Amino acid sequence: MTTMRIGLLFGGRSGEHEVSISSARAIARALAAEENASKYEVLPFYIQKNGRWLSGTLPQQILASGKPLEIEEQTGQDDSPAGQFPNFNAVDVWFPVLHGPNGEDGTVQGLLKLMQVPFVGSGVLGSAIGMDKIAMKMAFAQAGLPQVKYIAVNRSEIWSNPCVFPKLCDKIEADLGYPCFVKPANLGSSVGISKARSRAELEAALDSAASYDRRIIVEAGVVARELECAVLGNDNPKASTVGEITFQSDFYDYETKYTLGQADCSIPAKVSSAIVSQIQEMAVQAFLAVDAAGLARVDFFYIESTGEVLINEINTFPGFTATSMYPQMWAADGISFPELVDRLIQLALERHGEKG
Ligand SMILES: Nc1ncnc2c1ncn2[C@@H]1O[C@H](COP(=O)(O)OP(=O)(O)OP(=O)(O)O)[C@@H](O)[C@H]1O
Ligand SMILES: C[C@@H](N)C(=O)O
Ligand SMILES: [Mg+2]
Ligand SMILES: [Mg+2]
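In the annotation of an unreviewed UniProt entry, the entry for the protein reads D-alanine--D-alanine ligase, and the organism field reads Phormidium nigroviride PCC 7112. For the protein, the Sequence similarities (unreviewed entry) comment in UniProt is given as "Belongs to the D-alanine--D-alanine ligase family." One UniProt comment on the protein, placed under Subcellular location (unreviewed entry), says "Cytoplasm".

Okay, structure coming up:
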């Protein structure tokens, strides 16, 4: 059997750079596991925080250590963002293990599509809609999926015009009230998200979110259990066992997500079978609504007092470490981590073979 060369693309010009390194380490390990080692050869490519690409031994060292190159250590022979741009013919299938902007948002997917090479995960449209929380919510609304009330904001309403800003805050207070959640539209891992409980907090939250993105979303806060569901497939995707996240902090923020022991997960979630079915159905609808492919994790709010299930968001490249929800939910359904990455590569080849 000839080995397939897998281009593992990780790091990225994103606030989720470090998370990408953790996911890529786990995926590299799974590709080297006994059941995959004879099938795949891993070629790592690292996108530095400044956006330059690196190939060769340095990406391997970063994968081994788990430590990113900090801005002052960034290398590059010249100032071109391409850096050591890969030879696209040296790879059989690309595995873009990138979270957040400049990687999970259709940019890298566009490059790979132009190069006519197979790659894991969603294409340009699914990645772009899945990344932008405003576009995502429009697609969900069109699909009839219930969600929290929200207001879409442009950075210019926050920074450019001092007359507009107070009116914007008045509107948010009147339409959504407190607490509300202010989010950069194109990010993940809770980077840039604030919970606002007062006018002063709202003003600070909008200013902070505007420092990350031109597009911002403000949502009505709900008190709810947080349930997640993994989806796997292309045009006929399947939903996994449903899991629940619990934590002591005010919300599921970056520190809670990535500090050992701050959050717990229950797989399967202790909810009725009717809620499980509803979530699985909604997860598949959300996947299709944004035109996702390969994989996605869909996050939900379950308001137990009313029985309502609201969709929160879709992540087209969810956290992928050994302890991340996505692989753990599939493990509960009998799909091991190495088998999962193998299936994703097969789905990439299937999608590449389709016309259009
Ligand atoms: N409208 C809301 N009401 C209550 N809590 C919320 C709301 N929106 C977000 N949160 C809290 O903030 C967390 C992060 O929100 P969200 O999932 O939208 O961000 P994210 O950055 O895309 O996260 P990730 O991609 O890592 O899952 C949620 O898991 C939840 O704890
Ligand atoms: C990586 C992070 N955005 C997640 O969805 O898990
Ligand atoms: Mg997200
Ligand atoms: Mg989420």
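On we go from here.
Novice: So, the confidence of the model for the protein: which residues are in play, and what are the values?
Specialist: The share of residues in the protein with pLDDT of 70 or more is 97%, and the mean pLDDT across the chain is 95. Here the predicted complex scores 0.97 on pTM and 0.99 on ipTM.

Novice: Please give an account of helix α8 (residues 164-175) that cites residues and values.
Specialist: Because the α-helix completes a turn every 3.6 residues, residues three or four places apart line up on one side. With twelve residues, α8 extends 16 Å from end C-alpha to end C-alpha; this agrees with the ideal 16 Å at 1.5 Å per step. Those residues of α8 that sit buried are F165, L168, C169 and I172. Along α8, the residues classed as buried sweep out an arc of 95 degrees about the axis, all on the same side. In α8, the exposed positions angled more than 90 degrees off the buried face are occupied by K167 and A174. Residues of α8 that are buried make contact with β5 (150-154), α7 (155-159), β6 (180-184), α9 (199-210) and β8 (215-220). At the exit of α8 stands G177, carrying a positive phi of roughly 70 degrees.

Novice: Mind laying out the site of ligand 1, listing which residues take part and the relevant values?
Specialist: Neighbouring residues of ligand 1: 22 residues in total, closest K133, K183, S190, E226 and K257. Here an oxygen atom of ligand 1 sits 2.7 Å away from a polar atom, N or O, in the side chain of K183. Separating an oxygen atom of ligand 1 from a backbone N or O atom of Y252 is a distance of 3.0 Å. Protein burial of ligand 1: of its 620 Å² of free accessible surface, 95% is covered by the chains. Contributions of two or more residues to the shell around ligand 1 are made by β6, β8, β12 (294-303) and β13 (308-315).

Novice: I'd love a proper account of the coordination of the magnesium ion (ligand 3), names of residues and values included.
Specialist: Where a metal carries four tetrahedral donors, each ideal angle is 109.5 degrees; where it carries six octahedral donors, the ideal angles are 90 or 180 degrees. The coordination sphere of the magnesium ion (ligand 3) contains the protein donors E313 (OE), E313 (OE) and N315 (OD1), at a distance range of 2.1 to 2.5 Å. Taken as an interatomic distance, the gap from the magnesium ion (ligand 3) to the magnesium ion (ligand 4) is 4.0 Å; E313 donates to each of them.

Novice: Give a description of the UniProt feature "active site" (unreviewed entry) in the protein that names residues and reports values.
Specialist: Mapped onto this numbering, the UniProt entry gives "active site" (unreviewed entry) at E16, S189 and S324. Among the structural elements, S189 can be located in the loop between β6 and β7 (194-196). Ignoring any residue separated from it by four or fewer positions in sequence, one finds S189 in contact with E16, V19, Y254, K257 and Y258. A polar atom in the side chain of S189 sits 2.4 Å from the side chain of E16. Within the fold, S324 resides in the loop between β13 and α12 (325-332). Among the residues examined, S324 registers a relative accessible area of 13% and is labelled buried.

Calculation notes
- Counting restarts for each chain, with residues numbered from 1 along the sequence as it is written.
- Key to labels: chains lettered from A, ligands numbered from 1, both in the order written.
- Predicted model: local features are reported for residues with pLDDT of at least 70 only, side-chain atom pairs are reported and counted for 80 or more only, and whole-chain, interface and lining totals are derived from all residues.
- Values shown for side chains rest on all heavy atoms present in the structure; no hydrogens or waters enter the calculation.
- UniProt positions are given in the numbering used here, feature names are shortened, and annotations may be inferred rather than shown by experiment.
- As a per-residue measure, pLDDT reflects the predictor's confidence and takes values from 0 up to 100.
- The numbering of helices and of strands both runs from the N terminus, where a helix is a DSSP run of H or I of at least 4 residues and a strand a run of E of at least 2.
- For a helix, the expected span equals 1.5 Å multiplied by the residue count minus one.
- Exposure is judged per residue with a 1.4 Å probe applied to protein chains only, and the accessible area is read against the type maximum: over 50% gives exposed, under 20% gives buried, and values in between give partly exposed.
- This arc describes the spread of directions from the helix axis toward the C-beta atoms.
- Residue contacts follow a heavy-atom distance rule, with two residues in contact if any of their heavy atoms lie within 4.5 Å.
- Here a residue counts as near a molecule or strand whenever at least one of its heavy atoms sits within 4 Å of it.
- As used in this structure description, the phrase polar contact means that two N or O atoms lie within 3.5 Å; if the pair is within protein, one of them must be able to donate a hydrogen and the other to accept it, and residues adjacent in sequence are counted only when both atoms belong to side chains.
- To measure how exposed things are, a 1.4 Å probe is used in the Shrake-Rupley method; for residues, cover is taken only from the protein chains shown.
- Each metal's donors are the N, O and S atoms within 2.8 Å of it, or within 3.2 Å when it is Na, K or Ca, and because water is not part of the set, sites may look incomplete.

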